[in-house]
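Read off the chains here:
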Amino acid sequence: MQSNGSQGEVYYPSETIVANANIHDYDALHQEAVADLAGFWDRIAREEFEWFEEWETTLDDSEAPFYKWFVGAKTNIVHNALDRHMNTWRQNKVALIWEGEDGEVRTYTYRQLQREVNRFASVLRALGVVKGDRVTIYMGRIPEIIVAMLACAKLGAVHSVVYGGFSTEALRERIDDSHSKILVTADGAWLRGQTVNLKDIADEALMRCPGIQNVIVVRRTGQDVHMESGRDLWYHEMMNLPIATTDIQTEVMDAEDPLFILYTSGTTGKPKAILHTHGGYMVGTATTLKWVFDLKDTDVWWCAAAPGWITGHSYIVYAPLINGATSMMYEGAPTHPFPDRWWQIVEEHGVTVLYTAPTAIRGLMRFGETWPNRRDLSSLRLLGSVGEPINPEAWKWYYRVIGKEKAPIMDTWWQTETGNFMITPLPVTPLKPGSATKGFPGVVVDVVDEEGEPVPPNEEGYLVIKTPWPAMLRTIYGDPDRYVEAYWSRFPGWYMPGDSAKKDEDGYIWIIGRIDDVIKVSGYRLGTAEIESALVSHPDVTEAAVVGVPDELKGNVIHAFCILQQGKDPSRELEMEVKEHVGHEMGPIAKPAVVEFVDSLPKTRSGKIMRRVLRAQVMGEPVGDLSTLAD
Ligand code: WTA
């Protein structure tokens, strides 16, 4: 159903959706939560999760912004994601349906997944991994990535997953910063019928960082790889040794003990290691998934993200398993071998809820309606979007062509830092294409000006979050000062995500984009600093600056400005070489669309590059106030 609201069209959920929703009354829940935030989460945590010991304090804000949740409680997220299901009928329910790009299909019941996790945890333990150790995981979208993450969590080790699309230098920096002693990787990954040489990339990264004691290699592509004797071990061989026993206890963890770190791009400098914990993250991710995507035992949930980003951590790995859901995971490219690959998967596996990014929708839209129309998509009952603002054309196409006008779209705004959905509709919420609607129950969001005053309706301002939530990041690992500085110093007492937004007359939030040096390319979060340092690591480049430029398909693309070494001349070949170099160092997603050679870069008197000026120049817009420009 559709009608016109203050901001164009409003789409209302059907009666069936409303009647079946896990949550019916958003307003009542939101009010309950805001009136007593700790009480609200206390109730949910008791009702929905198992704890080895209960907490003394639900929310401790005495050292804010270092908030603590469920203080004193003992649990382990793996107990709730796997172990507890063994006492119920769900032990034989399918937890994961995995399809390889080559068409291979594997399924794991909860019981099978638990056994695999237990055996791998035993292997890790035999290699000396203990509670608190860091383990880096670097591989493609294969079941073993989930197994590795859960095995770490089971032992109380902290996993640090590096996205399989990242490359040498990005991997090296993350291994180094985390002081990991084990790396779990694969020989390669399949993408568009080609292999990505993960092990070769890892070997090159490891030459530059000596801390890793063992590398465990999953055989996926079967390609030739170098195995360093004494260091490198095959996953399948280790899993066949007697040490790979299923008889292993799940470590008892404090609710506030670290679960994982995940690197993400910050305002300036190197990537930030965002730290999440066992207790709050478990409660937050599982509850948001259950309410927003209305998960039922009859669903086949498909989060099409990569496990190596927060979307995958929260909504491929942890939240679906805690909810006892059946998840779909697909290894490869959406268009391989044909543009209906995704729709074929929906049809064959009976996917009921699909969650993806606007860039993927725009990419598939290009191939026209014939491809999705060839397939039976009638199983879909809810759709989701994440990662960047969804443009209304893509929203409507997704709604009409994929959801057949019966599946509401949950446009979820959130971040690596927030751990779970923050601004999001529930299935019962009237929708406006392009708006993520309102705060999840208990999440108080606002849009404010420089002084922190709410801006009038439909005016741009800073997005802020005024209440804490259980799955919030606890700190930046190894750099607590930066945590305070980056998120809590601009408006003390409020969390500042770094996005700009508008709020309309109905209180709906419209995200505009990042206000810092983060660029979202195809929904992937990249930092200017890291790309620039990859650029200047090319021997011919002395200085570099990058900006994000709007792009119809990818949301943004990277435009790089480079100053060359004295005596080096700009050329088309050099431009290509520099792009390839960034791909080699950071990964293909970070490759600039354009490399422009310049003689100088606009800087402030204190030497800071004025990206705003560069961006205006590329866009052909007025450059604005130049009073701080050095010359
Ligand atoms: C952007 C991804 C508009 C936003 C889960 C945020 C969005 C950043 C949306 C976090 C959305 C995410 N609408 N923008 N629905 N979802 N963003 O850490 O700029 O990779 O700050 O987490 O993505 O990116 P991250």
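Residues numbered from 1 in each chain as written. Predicted model: local features only at pLDDT ≥ 70, side-chain atom pairs only at ≥ 80, totals over all residues. Heavy atoms only, no water.

K.L.:
For this particular structure, what's the right way to read the site of the ligand?
P.N.:
Residues in close proximity to the ligand total 17 residues, the closest being Asp411, Thr412, Thr416, Arg514 and Arg525. Interatomic distance of 3.3 Å between a backbone N/O atom of Glu388 and a nitrogen atom of the ligand. Between the ligand and Lys520, the relevant distance is 2.8 Å, taken from an oxygen atom to a side-chain nitrogen or oxygen of the residue. If the ligand stood free it would expose 530 Å²; the protein chains cover 97% of that surface. Mapped onto the shell around the ligand, the elements with two or more residues apiece are helix 11 (310-322), strand 22 (409-412) and strand 27 (509-514). The residue makeup of the shell around the ligand, split by class, is 6 nonpolar, 5 polar and 6 charged. (Near = heavy atom within 4 Å. Polar contact = N/O pair within 3.5 Å; in protein donor to acceptor, adjacent residues only side chain to side chain. Areas by Shrake-Rupley, 256 points an atom, 1.4 Å probe, with all protein chains shown as cover. Helix = DSSP H or I, 4+ residues; strand = E, 2+ residues; numbered from the N terminus. Nonpolar A, V, L, I, M, F, W, Y, C, P; charged D, E, K, R; others polar.)

K.L.:
For this particular structure, what's the right way to read the pattern of salt bridges?
P.N.:
Where side chains of opposite charge bring their charged atoms close, a pairing between them can arise. Enumeration according to the criterion identifies 55 salt bridges in this entry. Note that Arg106 and Glu144 form a salt bridge whose closest N and O atoms lie 3.2 Å from each other. Of this pair, Arg106 sits in strand 7 (residues 105-109) while Glu144 sits in helix 6 (residues 143-155), and the two are 38 residues apart along the sequence. The class for Arg106 is partly exposed, based on a relative accessible area of 22%. With a shortest N-O distance of 3.3 Å, Arg172 and Asp176 are connected by a salt bridge. With Arg172 and Asp176 both in helix 7 (residues 168-178) and 4 residues apart, this pair spans about one turn of that helix. Taking relative accessible area as the criterion, Asp176 reaches 36% and is therefore assigned partly exposed. Residues joined in a network through salt bridges with shared partners are Asp102, Glu104, Arg106, Glu144, Arg220 and Glu331. (Salt bridge = Lys/Arg side-chain N within 4 Å of Asp/Glu carboxyl O. Buried < 20%, exposed > 50% of the residue type's maximum accessible area, 1.4 Å probe, protein only.)

K.L.:
What should I look at first to understand the sheet that holds strand 30 (residues 541-551) in this one?
P.N.:
Hydrogen bonds between backbone atoms are what pair the strands of a sheet, whose relative direction is either parallel or antiparallel. The strand order across the open sheet formed by 3 strands is 30-31-32, and the pairing between neighbours is mixed. Two strands in the sheet have a free side with no partner beyond their single neighbour: strand 30 and strand 32 (594-597). Put simply, the sheet's adjacent strands are angled 25° from each other on average, direction ignored. Relative to strand 32, strand 31 (residues 555-564) runs parallel, the two sharing 4 bridges. Considered in strand 32, the bridge of Cys562 is made with Phe597. Sheet contacts for helix 17 (residues 528-536): strand 30 and strand 31; angle to strand 30, the most-contacted strand, approximately 135°. (Pairing = 2+ DSSP bridges. Axes fitted to C-alpha atoms, helices over the stretch in contact; angles between N-to-C directions. Contact = heavy atoms within 4.5 Å.)

K.L.:
Explain the sheet that holds strand 26 (residues 499-503) to me, please; I cannot follow it from the model alone.
P.N.:
Taken together, the 4 strands give an open sheet; going across it, the order is 23-24-26-27, and neighbouring strands pair in antiparallel fashion. Lying at the two open borders of the sheet, with one neighbouring strand each, are strand 23 (445-448) and strand 27. Across this sheet, the average inter-strand angle for adjacent strands is 45°, counted without regard to direction. The sheet contact formed by strand 24 (residues 461-465) and strand 26 spans 2 bridges and is antiparallel. Across the sheet, Tyr462 pairs through a bridge with Ser500, a residue of strand 26.

K.L.:
What is the right way to read the packing of helix 7 against helix 8 (residues 198-207) from this model?
P.N.:
Working note: a packed helix pair is described by the angle between its axes plus the distance between those axes. Closest axis-to-axis distance for the helix 7/helix 8 pair is 8 Å, and the angle between their directions is 55°. It follows that helix 7 is oblique to helix 8 by the angle criterion. Considering the relative orientation of helix 7 and helix 8, their crossing is right-handed. Contact with helix 7, carried on its side by Thr168, Leu171, Arg172 and Ile175, involves Ile201, Ala202, Glu204, Ala205 and Leu206 of helix 8 and no other residues of that element. When the residues that make up the contact of helix 7 with helix 8 are grouped by side-chain class, the tally is 6 nonpolar, 1 polar and 2 charged. (Parallel < 35°, antiparallel > 145°, perpendicular 65-115°, else oblique. Left-handed = near helix turned anticlockwise from the far one by under 90°.)

K.L.:
When you look at the environment of Met253 in this model, what are you seeing that I'm missing?
P.N.:
Of note, Met253 is situated in strand 15 (residues 253-254). The class for Met253 is buried, based on a relative accessible area of 1%. In sequence terms Met253 and Gly507 are 254 residues apart; their C-alpha atoms lie 40 Å from each other. The residues contacting Met253, other than those within four sequence positions of it, are Ala73, Lys74, Thr75, Asn76, Lys131, Gly156, Pro258 and His278.

K.L.:
Got a minute to help me understand empty space enclosed by the protein in this structure?
P.N.:
To find leftover empty space, a probe the size of one water molecule is rolled over the atoms. Tallied over the entire structure, the rule returns 5 cavities of 30 Å³ or more. Here the largest cavity is characterised by a volume of approximately 70 Å³. Trp41, Phe440, Val443, Trp469 and Pro470 are, among the 13 residues lining the largest cavity, the residues nearest its centre. Partitioning the lining of the largest cavity into residue classes produces 10 nonpolar, 3 polar and no charged. Here the second largest cavity is characterised by a volume of approximately 50 Å³. Taken together, Val161, Val162, Tyr163, Phe166, Arg174, Leu262, Tyr263, Gly308 and Trp309 make up the full set of residues lining the second largest cavity. Taken together, the residues that form the lining of the second largest cavity break down as 7 nonpolar, 1 polar and 1 charged. (1 Å grid on protein atoms, 1.4 Å probe; cavity = no way out; pocket = protein on both sides within 12 Å on 5 of 7 lines; lining within 4 Å. Points joined across faces, edges and corners; volume = space filled by probe spheres on them.)

K.L.:
So what exactly am I meant to see when it comes to the packing of aromatic side chains here?
P.N.:
The description of two aromatic rings rests on the distance between their centres and on the angle between their planes. Scanning all chains against the criterion turns up 39 aromatic pairs. Taking NZ or CZ as reference, Arg106 lies 4.8 Å from the ring centre of Trp98, over its face. Residue placement shows Lys432 over the ring face of Tyr508; its charged tip is 4.4 Å from the ring centre. (Phe/Tyr/Trp six-rings, centres within 6.5 Å; stacked < 30°, edge-to-face > 60°. Lys NZ or Arg CZ within 6 Å of the ring centre and 35° of its normal.)

K.L.:
Would you explain helix 11 in this entry?
P.N.:
Side chains of residues three or four places apart in an α-helix project in the same direction, reflecting 3.6 residues per turn. Counting buried positions over the 13 residues of helix 11 gives 13, a clear majority of the element. Taken from the residues just after helix 11, Gly324 is the one with a positive phi, measuring 70°.

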